[in-house]
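# Examining the three-dimensional arrangement
Single-letter residue listing:
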Amino acid sequence: MPNLRVGALVPQLPGMLAGRFTDDPVLLRHAFSVGYMALPVLSLAACWLIVRRLAPALLLFPLLWLAVHQINFSAVSELLTAAHLAWPFVLGAVLWPSARLVRFYGWLLGAFFVVLHPMAFVPALGLSVLAAWLGWHALRSAWARRAGAAGAGALGWAWLGLAAWLMITGLLRLGWTIASANRYERSNLTGDGTLHYLLPSTAAQEWLLAVAMLAALVFALLLLRGGRGALPRWLPRVLGVVLAALVGLAIWVGGEILFGHGIKLKAALTFVAGLGFMALAAMVGRVLLTRAGAPGGSADGPTCASLPHHPVWVPAGWLAAPVAAVLIMLTAKSAGWWLATNELGRLVAEADSPCIVRTAEQPPSLQWRWMRMLDEWPVGMNALAFRPRAPASPEVSLLLPNAGCEILAATGEVRLQSWIVRPWSHLEARFGPLRRLPEWD
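None of these values were measured; they are calculated from a predicted model.

### Notes on the packing of aromatic side chains
One pass over the full model with this rule turns up eight aromatic pairs. Centre to centre, the rings of Phe 89 and Tyr 105 are 6.5 Å apart; their planes meet at 50 degrees, and the pair counts as tilted. With Phe 89 in helix H4 (residues 78–95) and Tyr 105 in helix H5 (residues 100–114), this residue pair connects regions lying 16 residues apart in the sequence. Residue class for Phe 89 comes out buried when judged on its relative accessible area of 1%. Clustering of aromatic rings is evident, with ring pairs tying together Phe 61, Phe 219 and Trp 318. Here the basic side chain of Lys 333 rests over the ring of Phe 73, its NZ or CZ set 5.6 Å away from the ring centre.

Printed below as a string of structure tokens:
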């Protein structure tokens, strides 16, 4: 039974489209990356458009989550895609609950989550709870006031309908996950595999996660207390110190990465933290909405006439701190990736053999710590994608796992992985020139 992850193709559409016009691996590599690079940018841009007229301060929550996510080396996880897509819905739902576009987007998200990651049922069910809360609040508001109750009641039922849809799609994704989980997915949910999948790799990463969560909690408290008179003078200072610590920890984590420590595809706890950030943003946003333009706690949301003259801002330095943390860790990961891919290109270009056997201990240059970021199973494909091309294009060797070189000599087929098998001539045409095996001459 297939695991129904076809939603992963959506960010890959630029690469698939480019493949119709070029066979150049370098251009295709960059085209493939466009969708994944655009997702966080478009998500943050959408969040900004949603919060800028009411509470620009809420942008700190998705920024904190993006900083936490830099612990993960995977930028192509469907769970990451789900989080990027969920953030605009969460902020739009709590600040503009009467907007039909927000609810329409929620219906699309529910359908999309079904064909995304096996764990996409978690955000689907979480958003279902949010929609049910908004629906219940709208109905309670309608029952509490006679005038205009019909509109608020219809809005409440609309949100409850969306909540039911998200619940159904979440349960459908959960059922499909249970029925179709493959060996890799099951290994992450049993025994030590669960802890490895869940937790960060180093103490610095754990501290960064904890500090980001503390910053979110203090920030939420600061915004909630803002409408109850004067704030304690120490509270903003505490948040400033915590955010400064976040930047310091980002430097620490970035240094570890450059020395090959803490390299891990993903720590699922960062996504759990993301759900917590979303819950805080929803709670705080609801309170700010009531203060801004919904007299009597109306669930209809603000109108243009009721928008506040002074949106809820925060010092620019508070927003700059998670941005700096993201840039620091992203730069460190990029530098490490550059080192690893260049070494990989040098390996296949300078090898004496036309086929290099890759095992857990060989070749020696793949045992360097920072080479771990290449990941084990796609390293043979990365060797082709990042092969040297300028100023000359020398012949390169293939890097194949275990008995791959023997299979190549016997059959002429390149077994990059058990599920990725291609004729040598096909790879020669796309990624060549490749070194030929002596027995072929």
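### Here's the deal with the state of the cysteines
Tallying each qualifying case throughout the model produces one disulfide. Residue pairing for Cys 355: its cysteine sulfur links by disulfide to Cys 405, the two sulfurs lying 2.0 Å apart. Judged by the torsion about the S-S bond (-85 degrees), the Cys 355/Cys 405 disulfide is left-handed. With Cys 355 in strand S1 (residues 355–358) and Cys 405 in helix H15 (residues 404–411), this residue pair connects regions lying 50 residues apart in the sequence.

### Considering unusual backbone geometry
Only a minority of non-glycine residues have a phi that is not negative, and only a minority of peptide bonds are not trans. Even without a glycine there, the phi angle at Asn 402 is positive, about 50 degrees. Looking at the secondary structure, you find Asn 402 in the loop between strand S2 (398–401) and H15. Overall, Asn 402 belongs to the exposed group, its relative accessible area being 56%.

### Points about helix H11 (residues 234–258)
With 25 residues, H11 extends 36 Å between its outermost C-alpha atoms, agreeing within 8% with the 36 Å of an ideal straight helix rising 1.5 Å per residue. When we look at burial in H11, the residues that qualify are Leu 235, Leu 239, Val 242, Leu 243, Leu 246, Leu 249, Ala 250, Val 253, Gly 254, Glu 256 and Ile 257. A positive phi of about 85 degrees marks Gly 260, the residue just after H11.

### Quick look at the pattern of salt bridges
Enumeration over the complete set of coordinates arrives at three salt bridges. Across the salt bridge formed by Asp 23 and Arg 430, the nearest N and O atoms sit 3.9 Å from each other. In this pair, Asp 23 sits in the loop between helix H1 (13–18) and helix H2 (25–51) while Arg 430 sits in helix H16 (residues 424–431), placing the two residues 407 residues apart along the sequence. Classification of Asp 23 by relative accessible area gives partly exposed; the value is 46%. Shared partners join several salt bridges into a network, and the residues in it are Glu 343, Arg 346 and Glu 350.

### Re empty space enclosed by the protein
As enumerated under the stated definition, the model contains one cavity of 30 Å³ or more in all. Taken together, Pro 40, Ser 43, Leu 44, Cys 47, Pro 62, Trp 65, Leu 66, His 84 and Trp 87 make up the lining of the largest cavity. Looking at the lining of the largest cavity, the elements with two or more residues in it are H2, helix H3 (60–69) and H4. At four residues, the largest contribution of residues to the lining of the largest cavity is made by H2. For the lining of the largest cavity, the per-class residue count stands at seven nonpolar, two polar and no charged.

### A short note on the confidence of the model for the protein
Model confidence for the protein is summarised by a mean pLDDT of 84, while 87% of its residues fall at 70 or above. Per-element confidence in the protein is highest for H3, whose mean pLDDT is 95, and lowest for helix H8 (residues 183–187), whose mean pLDDT is 65. Across residues 294–299 the pLDDT falls below 50, and counting only partners more than four positions away or on other chains, this stretch makes 14 contacts in the model. For the stretch residues 303–307, pLDDT sits under 50, and the model shows seven contacts to residues farther than four places along the chain or on other chains.

### What about the environment of Val 26?
Following the sequence through the fold, Val 26 ends up in helix H2. Looking at Val 26, the relative accessible area reads 25%, which means it is partly exposed. Counting along the chain gives 360 residues from Val 26 to Phe 386, while the straight-line C-alpha distance between them is 7.9 Å.

### Here's the deal with the packing of H4 against H5
Running from amino to carboxyl end, H4 crosses H5 at an angle of 155 degrees, the nearest separation of the two axes being 10 Å. With respect to H5, the element H4 is oriented roughly antiparallel. Handedness of the H4/H5 crossing: left-handed. Only Val 102, Tyr 105, Gly 106, Leu 109, Phe 112 and Phe 113 of H5 make contact with H4, whose side of the interface consists of Thr 81, Ala 82, Leu 85, Ala 86, Pro 88, Phe 89, Gly 92 and Ala 93. Its residues placed into classes, the contact of H4 with H5 shows 11 nonpolar, three polar and no charged.

Analysis parameters
- Residues numbered from 1 in each chain as written.
- Predicted model: local features only at pLDDT ≥ 70, side-chain atom pairs only at ≥ 80, totals over all residues.
- Heavy atoms only, no water.
- Phe/Tyr/Trp six-rings, centres within 6.5 Å; stacked < 30°, edge-to-face > 60°.
- Helix = DSSP H or I, 4+ residues; strand = E, 2+ residues; numbered from the N terminus.
- Buried < 20%, exposed > 50% of the residue type's maximum accessible area, 1.4 Å probe, protein only.
- Lys NZ or Arg CZ within 6 Å of the ring centre and 35° of its normal.
- Disulfide = S-S within 2.5 Å.
- Expected span 1.5 Å × (residues − 1).
- Salt bridge = Lys/Arg side-chain N within 4 Å of Asp/Glu carboxyl O.
- 1 Å grid on protein atoms, 1.4 Å probe; cavity = no way out; pocket = protein on both sides within 12 Å on 5 of 7 lines; lining within 4 Å.
- Points joined across faces, edges and corners; volume = space filled by probe spheres on them.
- Nonpolar A, V, L, I, M, F, W, Y, C, P; charged D, E, K, R; others polar.
- pLDDT = per-residue confidence, 0-100.
- Contact = heavy atoms within 4.5 Å.
- Axes fitted to C-alpha atoms, helices over the stretch in contact; angles between N-to-C directions.
- Parallel < 35°, antiparallel > 145°, perpendicular 65-115°, else oblique.
- Left-handed = near helix turned anticlockwise from the far one by under 90°.

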